[in-house]
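Survey of secondary and tertiary structure
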Amino acid sequence: MPKARELEARLERTEQQLRLFQKISRFMVRDLSLREILQGVVSLVVEFTQCESCLVYLLDGEELVLCASNTPHPSTIGKIRLRLNEGLTGWVARERRLLAISREAYKDPRFKTFGDLPEDTFEAFLSAPLIARNRVIGVINVQHRQTHQHTGNEMEVITTVGEQIGCVLVLARMSPTSLESANHVELVLSAGPLPMKQ
């Protein structure tokens, strides 16, 4: 019987994961501002991971700028900046790698303290790069106040969310008129035939 319960729990978690990706996908196709989309994705990630903090940083030249957050410190949006050699967030962007720390993230030698943010004392830290067309364009951080052992499933989810946000940012650069006037068939066929697998 415990095996059946375990399978039911795994199935429920997989269904939650699918719903998360579907909801993010729906944000991608709506006519919303980029800020609204990012805030919506942050809220969905918080709900899915049950974390206390979710932050999205976007690359601006050689700096990462805080652009979305679930925490109630709106004065920090657009003002908190990290260079690529600063903090865990900078490391994730620079190395293009997922980072999961289950306890005492603030003791990691790469950690950068801001002093006025409650996240400076949170135990667990999960972070993934935002990827668009194979380029890092930002970072998403998920933090838990208490120690938290990140599962492989959570790591895969946050990586996929990072890729979805990357697609959102690429789409945000297209004007609705260019999208309407684009000849999508020509765009696909002009790339030539795909090589056949042997």
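**A short note on unusual backbone geometry**
- A positive phi angle is found at Glu104, which is not glycine, with a value near 50 degrees.
- The residue Glu104 is located in the loop between strand 4 (99–101) and strand 5 (124–132) in this model.
- Of note, Asn134 is a non-glycine position whose phi angle comes to about 65 degrees, a positive value.
- With respect to the helices and strands, the residue Asn134 is situated in the loop between strand 5 and strand 6 (135–144).

**Re the packing of helix 2 (residues 34–49) against helix 4 (residues 152–172)**
- Packing of helix 2 against helix 4 brings their axes to within 11 Å, and their N-to-C directions diverge by 170 degrees. Between helix 2 and helix 4, the angle falls in the class roughly antiparallel. The segment helix 2 lies against helix 4, with Leu34, Ile37, Leu38, Val41, Val45 and Phe48 engaging Val157, Ile158, Val161, Ile165, Val168, Leu169 and Ala172.
- Looking at the contact of helix 2 with helix 4 residue by residue, the classes come out as 13 nonpolar, no polar and no charged.

**Brief notes about helix 1 (residues 2–29)**
- The end-to-end C-alpha distance of helix 1, which contains 28 residues, comes to 41 Å, matching closely the 40 Å that a straight helix rising 1.5 Å per residue would cover.
- Within helix 1, burial applies to Gln17, Leu20, Phe21, Ile24 and Phe27.
- Where helix 1 is buried, its residues meet helix 2 and helix 4.

**Section: the sheet that holds strand 2 (residues 63–69)**
- Spatial strand order, 3-2-1-6-5-4: six strands in an open sheet with antiparallel pairing. Edge positions in the sheet fall to strand 3 (81–83) and strand 4, since each of these pairs with one other strand and no more. Ignoring strand direction, the axes of neighbouring strands in this sheet form an average angle of 25 degrees.
- Here strand 1 (residues 53–60) pairs with strand 2 via six bridges, running antiparallel. Each residue of the ladder has a partner; that of Val56, found in strand 2, is Ala68.
- Set on the sheet, helix 2 makes contact with strand 1, strand 2 and strand 6; between it and strand 2 the angle comes to about 75 degrees.

**With respect to the environment of Val168**
- Counting through the fold element by element, Val168 comes out in helix 4.
- Spatially, the C-alpha atoms of Val168 and Val29 are 8.8 Å apart, while their sequence positions differ by 139 residues.
- The residues touching Val168, leaving out its near neighbours within four places in the chain, are Met28, Leu34 and Ile37.

Rules used throughout
All residue numbers refer to position in the chain's written sequence, counted from 1. Totals for whole chains, interfaces and linings use all residues, but because this is a predicted model, local features are given only for residues with pLDDT of at least 70 and pairs of side-chain atoms are given and counted only at 80 or more. Note: side-chain values were computed over all heavy atoms of the structure, leaving out hydrogens and water. A run of H or I in DSSP counts as a helix once it spans at least four residues, and a run of E counts as a strand once it spans at least two, with each numbered from the N terminus. Every axis in this analysis is a line fitted to C-alpha atoms, fitted for helices over the stretch in contact. Angles between the N-to-C directions lie between 0 and 180 degrees. Oblique is the label for any angle not covered by the other classes, which are roughly parallel (under 35 degrees), roughly antiparallel (over 145) and roughly perpendicular (65 to 115). Whether two residues touch is decided by their heavy atoms; if any such pair falls within 4.5 Å, the residues are in contact. Residue polarity is assigned by list, with Asp, Glu, Lys and Arg as charged and Ala, Val, Leu, Ile, Met, Phe, Trp, Tyr, Cys and Pro as nonpolar; anything else, Gly included, falls into the polar class. Here the expected span of a helix is defined as 1.5 Å times the quantity of residues minus one. Type-normalised accessible area, obtained with a 1.4 Å probe on protein chains alone, sets the label of each residue: buried when under 20%, exposed when over 50%, and partly exposed for intermediate values. By this definition, two strands are paired if DSSP reports at least two bridges between them.

Shape is all these values report; function is a separate question.
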